[in-house]
Amino acid sequence: MKGHRDYMKDGCIIIKNARVHNLKGVDVSILKKKLTVITGVSGSGKSSLAFDTLYEEGKRRYLMFSGTEFMIDSVPNFDSISGLAPTVAVEQRTIRQANPRSTVGTRLKISAMLSALFANYGEREPGYDDGVPLDISMFQKNAAKGMCVKCLGKGIVKQLDEEALFADKNQRICDIAYGAGRRSKTKKMLEEFCNNNNINFWEDTLRDLSEEQIFKLKYGDGGQSEFCGYIPLVMMIANKVFSTSGRLEALLTDAGMLHEKVCQKCKGTGLGEQAAHTTFGGKTISELEDMYVSELLTFFKEQRDNTSNLLVNEIIAKLSCLIEVGLHHLSLSRPLPTLSGGEIQRLFLAGYVITEMESIIFVFDEPTIGLHEIEKENLIKILRRLVDSGNTVVAVEHDENFMRQADYIIDMGPGAGIHGGVKIYEGGYVEFLECMKSKTSPYLSKNIGFPVKRQYRRVDKNKMLTVSNASLHNLKNVTAEIPLGVMVGVAGVSGSGKSSLVSGTLVPKLKEQMKSKCVVEDYADGMVKASLTGVEHIKRCLVIDQRPIGRSRTSCPATYTGIFDRVRELFAGTPESIARGHSVGLFSVNSSGGCRKCKGDGVIHYHVGYGNFIDIPCDSCDGSGYIPEAMEICVEGKNIRDVLEMSVDEAKDFFSNKDRNIDNMLTVLQRVGLGYIKLGQATPTISGGESQRIKLAKELSKGKNAKDVLYILDEPTTGLSFYDSERLMTILNELVDCGNSIIVTEHDPYVLSNCDYILEMGVGGGNDGGALIATGTPVELKANPVSVIGRYLK
């Protein structure tokens, strides 16, 4: 490996005195046309250096060069950056800004190529050939010519249980549908309707109305007033005809009044008649888009042997790239919002590899997330190809093997948040192992390393959850025994069937049998073909996944954990607030305290082209999101915005003697490695791993009395350094020691090595997976020649 001085000859990007967020005047060199890893404990300043300094300045210079009208003179958070080139960020959180109707196929333009292929070379069934030439738009569900006329291209329709909505005869008219009629314009229309039909909007209950009045209340009065009726109103809100927060839809869904069903007209494809009855190679466009990428590649290679079609060759090239980046298990129809952070990064990476760009700076956010050890090796090779093509690759990363392959290491620390922001090390990997100031390097050293258990909890054969005959997706009639009272790891390569077994089969069956005692967000009602026994051994089940916290745009850790309700009460309870007659609503941006111009965001969002956005601070509230009256109230010199800008660590000191419940919640957030996160940090900037740990902290804060609870987690150490992973594993082991059970879907060999029992799916992904190939303790899997993960366990 080259020494530090040798690398300087190759040229580098030099950052001087970077001080964004918690960075404390960082000076650092990033090597050009090399692979550089920025590592360190969670919250140490890695992303602040890579994304908020390097990438943001690269984007700013691009906007300056393009002459956009939204360029603003902002104060830089560094003294200088030299050697900068066009910069591309590939973040985990990119997925949270994606169009919900975007798919893998639309992202890489493969769907458009398929549409062109079918329009030019498709074979129509004779009974549906109306003589009108096939058009590309006929094969696109977002186009008027191509979408199903019933579901408008969604593939699903929403069904409202009208009887359930009106079942409570004691509910007041104003309270129907969770008070949907109380709001602004709807309230005026409904009051007019009630006046015309001799109904008291605020006091009458359904029991007070005649059958005719109830019918009109449901379906409208035939145009005598502007009110269309509660049933059409709710359906328009559910189908997002109006711009709403989604709260009513969520409440109705949770109450079992609103369901999603597959559209029977298009059978869930979202496409119209012409697309459903036109084939290429004997397959419809929907059938091709629903195939695994690996299957689709095989199909088109067979078609290539029969034709010299240039479109087919282009499609093969793009599909081959998807397989190279480890996405063989996806289908082109897979919606982007359902992808993990790691999958979305690799999808974007495939797009960049296809375009064969050079002299670009690529900034990645933990690209190995969600990958099996075998798949990581392939990913590193692809990133190496980017480097060999003359690009610079910078990756925020914790993975040991990835760091070993890097040309250069930058370590941030020593701690998180206010205790971090310092460059601890800069140089080669071998020298990094000798850095005693780092909290990362000791775990890479053979002398210390990550602690791995050698004694496992005993499996009680009489306390097992048994899933039988699971056949969802690629599962091949799987029967799996899951021991309780221990920590169970579920392993396997991408697409091997881990999620299909746990999230797709086990969780729905638990929900079906345990009802409200199984807590899972966004549960999709539907029968799963499998059986489950052993549920009597658990009292409660908590599914803690990586989906975003909260449902509204203003959700943040403080609101999700319940801290913010108590904080607002503190502010409303000050002598000055009481004297002025302020309520708790003044201290919420969603209520009377929110800025009218920016609606509480603190910034105005502008799209500047090519998927880039720029946020300009709101000049009405100076970026606070609050009206002046709210900002004038202080608790010990801090206003409400100051509190939301505090990290968990800072808030812990501030609230230590003010509120026991707040203090308890903050303590748990620290224990799960989130001391650096801000109380008011916006949901779109919170990674999937952070979201999961916030949810875990919320549950842990309820006390240690829980017993016989089953916790189901999806890669809980995502985004954590070795140091923070060890702390989190300690907490999980404490839960098991208290008499609970844990199931973790994992790739990390260190986490799996610390499980008591492992279920391994495989052998491969897609059609090559779907089988339970190995079970047992980590030691038993290491000795099992069939096991793939066994050779990587510690």
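Attention in this report is confined to the structure presented alongside it. (Residues numbered from 1 in each chain as written. Predicted model: local features only at pLDDT ≥ 70, side-chain atom pairs only at ≥ 80, totals over all residues. Heavy atoms only, no water.)

Okay, the pattern of salt bridges next. Charged atoms that come close allow side chains of opposite charge to pair. If you walk through the whole model with that rule in mind, you get 38 salt bridges. Across the pair Glu57 and Arg60 runs a salt bridge, and its minimum N-O distance is 2.9 Å. Residue Glu57 and its partner Arg60 are both found in helix α2 (residues 46–66); the two are separated by three residues, about one turn of the helix. Exposure remark for Arg60: the relative accessible area of 29% places this residue in the partly exposed category. Across the pair Asp545 and Lys695 runs a salt bridge, and its minimum N-O distance is 2.6 Å. With Asp545 in the loop between β19 (540–544) and α21 (557–561) and Lys695 in helix α28 (residues 688–700), the pair connects residues that are 150 residues apart, well separated along the chain. There is no split in this pair, since Asp545 and Lys695 are both buried. Via salt bridges that share partners, Lys453, Arg457, Asp737 and Asp756 belong to a single interconnected network. (Salt bridge = Lys/Arg side-chain N within 4 Å of Asp/Glu carboxyl O. Helix = DSSP H or I, 4+ residues; strand = E, 2+ residues; numbered from the N terminus. Buried < 20%, exposed > 50% of the residue type's maximum accessible area, 1.4 Å probe, protein only.)

Strand-to-strand pairing in sheets goes through backbone hydrogen bonds, with the strands running parallel or antiparallel. Read from one edge to the other, the open sheet built from seven strands follows the order β17-β19-β22-β23-β16-β24-β25, with strand pairing classed as mixed. Where the open sheet ends on each side, the last strands, each with one partner, are β17 (518–519) and β25 (771–776). One ladder, built from five bridges, connects strand β24 (residues 757–762) with β25; its direction is antiparallel. Opposite Gly762, over in β25, you have Ala771 as the bridge partner. Helix α20 (residues 498–514) rests against β16 (487–491), β17, β19, β22 (709–714), β23 (741–745) and β24 of the sheet, and its axis sits at about 150 degrees to β22. Across the sheet, helix α29 (residues 722–737) lies against β16, β22 and β23, angled at about 125 degrees from β16, the strand it touches most. (Pairing = 2+ DSSP bridges. Contact = heavy atoms within 4.5 Å. Axes fitted to C-alpha atoms, helices over the stretch in contact; angles between N-to-C directions.)

A sheet is described by the order of its strands in space; here three strands give the open sequence β2-β1-β4, paired in antiparallel fashion. Among the strands making up the open sheet, the edge pair consists of β2 (26–31) and β4 (80–82). Each strand axis lies, on average, 10 degrees off the axis of its neighbour in the sheet, ignoring direction. Across three bridges, strand β1 (residues 12–18) lies against β4 in antiparallel orientation. Paired with Ile14 across the two strands is Ser82, which belongs to β4.

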